[in-house]
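Descriptive structure summary
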Amino acid sequence: MSALFPDPFPDELLYSALARYQDMMGITGGRSVHRTFFEAKTGRAVFDLPGRIDALLSSLPAGHQYTPKRILYEHTQLPYYVPFLPPERADRVERAMRMEEGSTIHGRLGLRSSRVSLAQPYRFCPDCAEEDRNSHGVSYWHRVHQLPGIWVCTTHGTILREYRPRSSFPPYDFISLGRLRRLDLQTQPAIRAEENSQGLKRLADDTSCLLANRVRPTGLPSIHKRYRYHLHLNGWMQTATRIRMSDARRAFYAHFGTSLLEKLGCSPPQDKDGWFERLLRKPRTASHPLHHLLVLQFLGASVLDFFGQRAPRLKSRPTAAAKEQNQRSNSRKPSTDRKTRDSSWEKRLAHLVQHTDRSLRSIAEALTVDPRTVQRHARRLGVWRKEWTTWDKVAPATKQADATVERREKYRSQWLSLQKRNPDEGITVLPKRAPAAYAFLYRVDRTWLDAHRPSPPIARVQPSRVNWPSRDLEFRNRAVEVVETLRQSPGRPVWIRRSTVLRRMGRTSEFFSNRDHLPKTQAFLNEVSETRVEFARKKIDWATLDFIALKKRPQTWKFVRYASLRPDLAAQLSEEIAEALSKIRGATPELDEEVWGS
């Protein structure tokens, strides 16, 4: 436990406070800081998203007012990522920062796989550093200056300066801004002066707003609904669910410029399925906060407005082009107002049908109704023309279903006749002769099509170029030779198995690929293959003869070890082992009773 801990200043990173502690205590290395606050002998000084926050709080002096939430949301970069995560994932990241090491947190946030690179640390605003020194007596690292895409100070609008540390700084060391300035190390502007723009200032302001306000995660579906609402306000929605994606994409990249997006790590992809499309379409994965901030700036929505209100339910409102087309179609479409169809209208209809030779469509235009309305009232009034096609009230769905049945029968008979005319052709050739029939049956009548596929051609049986009986006899004779060689080899016995014999023959792959053609070889190998117990008995016999030749009487455990017997086999063959030891004693009568090796 430490008796001293410097209180973090507003918007100061926890890393910066620990660096000031290292300077105050005159500590030359960061390992002592890790032992004091994180109960670890060593560790890495994590700049943005540290871990083991609970261990840090337990080591602070008694009576401190800090909580895990306060440290996480006021002195780390966590609030920059949380609003755009699913709630359960944000909770897992919080638990990881409190309990685990910092090495797993970037992976949980998806930063390791993101094309947006982590911001270069050690960025600062010279004006902010001077103000901090006058107000607090010391300058420190601000959270907002260390985030991706932040090259302009949100307070002063000046370009940040950055220092790229040399490899001589240990990874466990905490480097304060005051120490950096005392060493008079060379810094450089984060961007050129001509690259500064209002877009970068707006990006810095939105990022600062995220850090200053604890915006809780609302979930990916809720974010998607809010995007659709703002897209609708900006005229990028063709319908309630369809986005004018191509137009929106072109406008977005024209708004920011390709060079700026490439510098931010948000360059447009070669294909159409880039991060911009994935963010606006149906949400499946979380996106980097920098992507969201760029899209919000493009849509003209602030961060607080975006998260501070529930997205209204969108109604399907037609676009300007759709409205114009509807107006043109409505001007051509006759009115069907029932109030105008009085007795005078019926008399006029009867007169036009009976006493004029005008066409059906001409009569409908004169009466400002639909042609079917003319037919329906003409049938009711008894003035039907014979040349008109018979009209019945059949539902469109029923007509469509009837048409589908007719096409199904037509294409079925066409497919069957095609197979009869071409009995030798298979499934790869027949669809090319009748593509429409095959496409319809494949899409609508797949079960019937599968049951009436052409039979696959019978493959020709190629005569074997190998005399397998002769090859089988050759393999068996070679296996007999290998087995005899193994049995007669001096020294420790070899376990005779099928794999051992085939490996000595050099025919393992050929045997297993053609074992059905080698019955004699397979029967011989099965016959001579030794089980584990049989091989253990063979080792017992060998060890017995070896000890007799050496004229030594081993203890039981020495015998078991010398014979390389597993404990379970030694217990199973205990009688054979006792018999072997008795045989050794009987063969060495000249030795005294002292056991060898005792």
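Before any of the text, the structure's been laid out above.
Description of the structure in this document. Because the structure is predicted, anything quoted here is derived from the model rather than measured.

For the rest of this paragraph, the subject is the overall build of the chain. Counting its regular elements, the chain contains 32 helices and three strands. Across the chain, contacts joining residues at least 24 apart in sequence account for 69% of those joining residues at least 6 apart. Accessible surface, the chain as shown: approximately 34600 Å² in total, 49% of it carbon and sulfur.

Per the stated rule, a full pass over the model turns up zero disulfides. Residue C125 stays outside any disulfide, its sulfur separated by 3.6 Å from that of C153, the closest cysteine.

On to the pattern of salt bridges. Inspection of every chain in the model, using the stated rule, returns 29 salt bridges. In this structure, D206 and R202 form a salt bridge, with 2.9 Å as the shortest nitrogen-oxygen distance. With a gap of four residues between them, D206 and R202 both fall in helix α10 (residues 198-212), about one helical turn apart. By relative accessible area, D206 is classed as buried at 7%. We note a salt bridge from R249 to E277, for which the minimum N-O separation is 2.3 Å.

In this section: a positive patch on the surface. A surface patch of positive charge is lined by R497, R503, R504 and R532. Its place among the elements puts R504 in helix α26 (residues 498-505).

Our next topic: unusual backbone geometry. The bulk of non-glycine residues show a negative phi, and the bulk of peptide bonds are trans. Phi at R52 is positive, roughly 55°, even though this residue is not glycine. Secondary-structure assignment places R52 in the loop between α2 (31-37) and α3 (53-58). For K551, which is not glycine, the phi dihedral falls at a positive 55°. Its location among the elements puts K551 in the loop between α29 (532-550) and α30 (556-562).

Calculation rules
- Residues numbered from 1 in each chain as written.
- Predicted model: local features only at pLDDT ≥ 70, side-chain atom pairs only at ≥ 80, totals over all residues.
- Heavy atoms only, no water.
- Helix = DSSP H or I, 4+ residues; strand = E, 2+ residues; numbered from the N terminus.
- Contact = heavy atoms within 4.5 Å.
- Areas by Shrake-Rupley, 256 points an atom, 1.4 Å probe, with all protein chains shown as cover.
- Disulfide = S-S within 2.5 Å.
- Salt bridge = Lys/Arg side-chain N within 4 Å of Asp/Glu carboxyl O.
- Buried < 20%, exposed > 50% of the residue type's maximum accessible area, 1.4 Å probe, protein only.
- Patch = residues over 30% accessible without salt bridge, like charges linked within 9 Å, V, L, I, M, F, W, Y side chains within 5 Å.
- Lys, Arg positive; Asp, Glu negative; His and termini not counted.
- Charge placed at Lys NZ, Arg CZ, Asp CG, Glu CD.

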